Each structure stands twice: as structure tokens, then as C-alpha cells.
Amino acid sequence: MTQIQFWKLEYGIGMIDMGRGNVKIRALIWDKLGHGNFNTCQIREHINDKYRYGVCSQSLCNILSQTPDFIQVGEEKVASITGSRYTVMIWARKDTEGR
């Protein structure tokens, strides 16, 4: 049985514990959330602008919810293209949760 190796990625001021997958995406989220709190749609847009293949909403939500360095600080209503409204979560870095 193989063990998953963990690395510490030095990024800015803090250190993030990262597993094998999604290292670049987690680092990009860490950098984006260093500038303030953002909702899931804004984070997904930022990632999809930076990378050719981007990330889907389901994968992004899994990364945000399962990484202990990111915390959910609230929720907000967003309008869709058809005019209906839905709720998205607002995220922050654990070390900057008070901003």
C-alpha cells in the first residue's frame, strides 16, 4: 500500500499543506484569497482566466471545502444569466479570516 506524500508549499507569508493533486489550483486560490474574501464564482473565474483547462465548479467546491487552510465566512445571492438567483459561499484564508 502506498502512502500519500505531503509537501509544504511556501507561498507568500504562510505555508500550505498540499497533497498531490491540485497544487497549482490551491496555490492560485491561496494567492487570490490573500487580497480579501471572494465568493466561489469569483474564484472560479480567476482560475479559469489563468489556466487553459481551468476548473469546474464541483471540483473547486471540493477543493475549498476539504482544504483546512480555506474557511467559509458567509454566503451571498448571485443572479444567473436567466435571471434566477442562487446562493454561493464566500471564502477566506484561515490566517486572514477577520478581513
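Residues numbered from 1 in each chain as written. Predicted model: local features only at pLDDT ≥ 70, side-chain atom pairs only at ≥ 80, totals over all residues. Heavy atoms only, no water.

### Remarks on the pairing of strand β5 (residues 85-93)
Two elements, strand β3 (residues 38-39) and β5, share 2 bridges in a ladder whose sense is antiparallel. Paired with N39 across the strands is I90, a residue of β5. Relative to β5, strand β4 (residues 70-79) is paired through 9 bridges, and the arrangement is antiparallel. Residue pairing across strands places F70 opposite R93, the latter belonging to β5. The hairpin turn running from β4 into β5, its antiparallel successor, is 5 residues long, and G83 in that turn takes a positive phi close to 100 degrees. (Pairing = 2+ DSSP bridges. Helix = DSSP H or I, 4+ residues; strand = E, 2+ residues; numbered from the N terminus.)

### Remarks on the sheet that holds β5
Strands belonging to one sheet form pairs held by backbone hydrogen bonds; the direction of such a pair is parallel or antiparallel. Taken together, the 3 strands give an open sheet; going across it, the order is β3-β5-β4, and neighbouring strands pair in antiparallel fashion. A strand with exactly one partner marks an edge of an open sheet, and here the two such strands are β3 and β4.

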